[in-house]
There are 2 protein chains.
Amino acid sequence: MASGGGDEQEVSNKQVIFKDYVSGFPKESDMYLKTNGTIKLKVPEGSNGLLVKNLYLSCDPYMRNRMKKSINSSTVSMVPGSPIVGFGVAKVADSGNPKFKKGDLVWGRTGWEEYSLITDVENLFKIENTDVPLSYYTGILGMPGLTAYSGFYEVCSPKKGEYVFISAASGAVGQLVGQFAKLLGCYVVGSAGSKEKVDLLKNKLKFDEAFNYKEEPDLDAALKRYFPEGIGIYFDNVGGKMLDAVLLNMRPHGRIAVCGMISQYNLDKQEGVHNLMHLLIKQVQIKGFVVSDYYHLFPKFLDLVLPHIAEGKIVYVEDIVEGLELGPAAFVGLFSGHNVGKQVVLVSKE
Amino acid sequence: MASGGGDEQEVSNKQVIFKDYVSGFPKESDMYLKTNGTIKLKVPEGSNGLLVKNLYLSCDPYMRNRMKKSINSSTVSMVPGSPIVGFGVAKVADSGNPKFKKGDLVWGRTGWEEYSLITDVENLFKIENTDVPLSYYTGILGMPGLTAYSGFYEVCSPKKGEYVFISAASGAVGQLVGQFAKLLGCYVVGSAGSKEKVDLLKNKLKFDEAFNYKEEPDLDAALKRYFPEGIGIYFDNVGGKMLDAVLLNMRPHGRIAVCGMISQYNLDKQEGVHNLMHLLIKQVQIKGFVVSDYYHLFPKFLDLVLPHIAEGKIVYVEDIVEGLELGPAAFVGLFSGHNVGKQVVLVSKE
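All values derive from a computational prediction rather than experimental measurement. (Residues numbered from 1 in each chain as written. Chains lettered and ligands numbered in written order. Predicted model: local features only at pLDDT ≥ 70, side-chain atom pairs only at ≥ 80, totals over all residues. Heavy atoms only, no water.)

Trainee: Now, about the side chain of glutamine 179 of chain A: what can you tell me, with residues and values included?
Mentor: All names here are of chain A. Here glutamine 179 lies in helix α2 (residues 172-183). At a separation of 3.1 Å, a polar atom in the side chain of glutamine 179 contacts the main-chain carbonyl oxygen of glutamine 175. A polar contact is formed between the side chain of glutamine 179 and the backbone nitrogen of valine 315, at a distance of 2.8 Å. Apart from the residues lying within four places of it in its own chain, the contact partners of glutamine 179 are Leu205, Lys313, Ile314 and Val315. (Helix = DSSP H or I, 4+ residues; strand = E, 2+ residues; numbered from the N terminus. Polar contact = N/O pair within 3.5 Å; in protein donor to acceptor, adjacent residues only side chain to side chain. Contact = heavy atoms within 4.5 Å.)

Written as structure tokens, this is what we have:
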């Protein structure tokens, strides 16, 4: 399956290297561009991995948690001196694996570099549908999309007409959760961190309401304004103070899916959440989840979402920077809310 | 159905009156004994309620939450100037309801007084089995028993061999949860607040391990000692610092049932819980619940627990004080862990 020895082309391979473990907010200087590397466009003898050309790289908040020393077995840290690791879309240049062949398009975990040798092939997905922009497989059709799908449908057990609140709602996951909830006939409110994002939520993504949390001195009061009858489902991307305010406003038997806690990722000491008594008062469920528990649902997810995209019933907003060298700034920008829509780095168009 | 007008006996009716809304720890002086009242042993004309003689009254931590002004519709406050309200075992003296007749034994919500007129008959349970002490229907066979059953089997979804931790484990609910878990083949550890209770857990209730949380300066370290492989299920009766330490020690896909948060009931401002990020890291679920959502399971619960009691496979520890006038001290004692086993007040033996 590996290609013959005759065409072992060696090419230059720019990389974004992870410098050292990060404390506090990540900075561009926590990464650096390495331009003098090379790579053979061939999988090593005996490997069942893939040699891929990276096309699009995904900037996701969870990556911050892999930039600290692993504190437990379930979070794998990035390795100082090695490329940043994240999700991306890539094209197979050489395959040692019977499931993939040269020219196949794939999405999954890859490196922040022009070419990567991927050995964890089990968690790669082959891209079959190319009627949509390939970059969508870093977002709405990739890990964040499946995160939104599994978090909303599997963790939140939503019913028609429920009152749904989503924080960081204009992000890759949030915008899709909101649209799923609207399709189901729910009342949907999102929070975001700028007027531009609030406008996006209301006008383009068709949320019922949206607000800029940075302009709300009293989050509890803001939530009471938008949810006079309380919140049935909270899709939490931020944790911290927003979660605390939401707890005060949950309806009986409400459900909270904890998808992310971006407000806490850069703190040495996590903020305290004071209103957990309301779990008891209102019989509320909170559940943390990771998308990898739901990979088996990917085909079902695509069956749902692809027709909606084709018909324009689900829209999607991306923020794409061009060039691997802009990756560090794009990633760092996530934590100040710099991006509008899903943050993607274009490495190469093909 | 109501008895005829000829036998309208009027008797004296001692009562424990709720004085006024409580802040901080409840004190005996928040209640007072009223000895000059009388009551007719007959339901009023047209009422479908019951006139009952109270036999045993239950002291339960949740009652503290009803001693403050209602902050939301789902918690009903006690009424200053009226008797304390709680669960109890009673004998029907007169019935206006076709489901009950004079002489029936019942358990459910009643007043802290010798005789009560109960109008909320829907939530009363008729006692069919009297082979066990009647006081058991304030505990193992009543609301706390069904709480333990529904919280463990329905909320925690336990599997054989799981690692189970229970706080306030020698209380009415905790001791039964631990025994259910042992019967299922789980490893079970409980925490309590005195050496006597720890001995009880280990020797009489057959927990695998138990510890005195008051003697553990570092709860995280204590939990790591008893759960080197982490906690699969946490049955939470206390909230606060213990919950925070447990979060650090949960296993992947662990479940936490929030049954009570007694450590927080007397605080004006709730303690902050800092380790909710572990919900995400370990995909943990927390769910608050109330027993009233599970009343329909009562027959199934009795079918399970009665044979086990008869065979001595489940044991039960009570702390009974004799006399209505000792009720206030017994209730207040819950919050300093004064009771050993389920706290009950005997009003009358029949």
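Trainee: Explain unusual backbone geometry residue by residue, including any values.
Mentor: Of note, the phi angle at alanine 168 of chain A is positive, near 50°, even though the residue is not glycine. Residue position: alanine 168 of chain A is located in the loop between β10 (163-166) and α2.

Trainee: Describe the domain arrangement of chain A, and please don't skip the residues or the numbers.
Mentor: Residue and element names in this part refer to chain A. In terms of domain boundaries, chain A breaks down into domain 1 (5-139 + 317-346) and domain 2 (143-292). Averaged C-alpha coordinates put domain 1 and domain 2 at centres separated by 29 Å. Every contact between the two is made by 21 residues of domain 1 and, on the other side, 16 residues of domain 2. Taken together, the two surfaces of domain 1 and domain 2 that pack against each other cover about 1,500 Å², and 61% of this comes from carbon and sulfur. Sorting the residues of domain 1 by area buried against domain 2 places Gly139, Val317 and Val340 first, and these three jointly supply 31% of that buried surface. Summed over the shared surface of domain 1 and domain 2, the result is 5 residue pairs in polar contact (both at pLDDT 80 or more). Looking at the side of domain 1 that touches domain 2, its residues break down into 10 nonpolar, 8 polar and 3 charged. (Domains from an automatic or database assignment. Buried area = accessible area lost by both parts, 1.4 Å probe. Nonpolar A, V, L, I, M, F, W, Y, C, P; charged D, E, K, R; others polar.)

Trainee: An account of α2 of chain A is needed here, citing residue identities and associated values.
Mentor: All names here are of chain A. With 12 residues, α2 extends 17 Å between its outermost C-alpha atoms, agreeing within 8% with the 16 Å of an ideal straight helix rising 1.5 Å per residue. The element α2 is largely enclosed, with a buried count of 10 among its 12 residues. Of all the residues in α2, the buried ones are Ala172, Val173, Gly174, Gln175, Leu176, Val177, Gly178, Gln179, Phe180 and Ala181. At the exit of α2 stands glycine 185, carrying a positive phi of roughly 85°. (Expected span 1.5 Å × (residues − 1). Buried < 20%, exposed > 50% of the residue type's maximum accessible area, 1.4 Å probe, protein only.)

Trainee: Provide a residue-level description of the confidence of the model for chain A, including the pertinent values.
Mentor: Residues shown with low pLDDT carry predicted positions that ought not to be read at fine detail. Chain-level pLDDT for chain A is 94 on average; 97% of the residues reach the 70-or-more range. Within the model, the stretch residues 1-6 of chain A combines pLDDT values under 50 with 12 contacts to residues more than four positions away or in other chains. (pLDDT = per-residue confidence, 0-100.)

Trainee: Describe the interface of chain A and chain B, with residues and values.
Mentor: Across the boundary between the two partners, chain A contributes 32 residues, which contact 32 residues of chain B. When chain A packs against chain B, close to 2,800 Å² is buried across both sides, 63% of that on carbon and sulfur atoms. Contact with chain B buries area across many residues of chain A, yet His274, Met277 and Leu280 of chain A alone supply 22% of it, more than any other trio. In this assembly, chain A and chain B are joined by 0 salt bridges. Where chain A meets chain B, there are 6 residue pairs in polar contact (both at pLDDT 80 or more). Among the elements of the structure, β14 (250-258), α6 (277-281) and β15 (285-288) of chain A are those that each provide at least two residues to the side of chain A that touches chain B. Here the side of chain A that touches chain B is composed, by residue class, of 15 nonpolar, 12 polar and 5 charged. Where β15 of chain A lies against strand β15 (residues 285-288) of chain B, 3 bridges are found, and the strand directions are antiparallel. Bridged to glutamine 285 of chain A within β15 of chain B is lysine 287 of chain B. (Salt bridge = Lys/Arg side-chain N within 4 Å of Asp/Glu carboxyl O. Pairing = 2+ DSSP bridges.)

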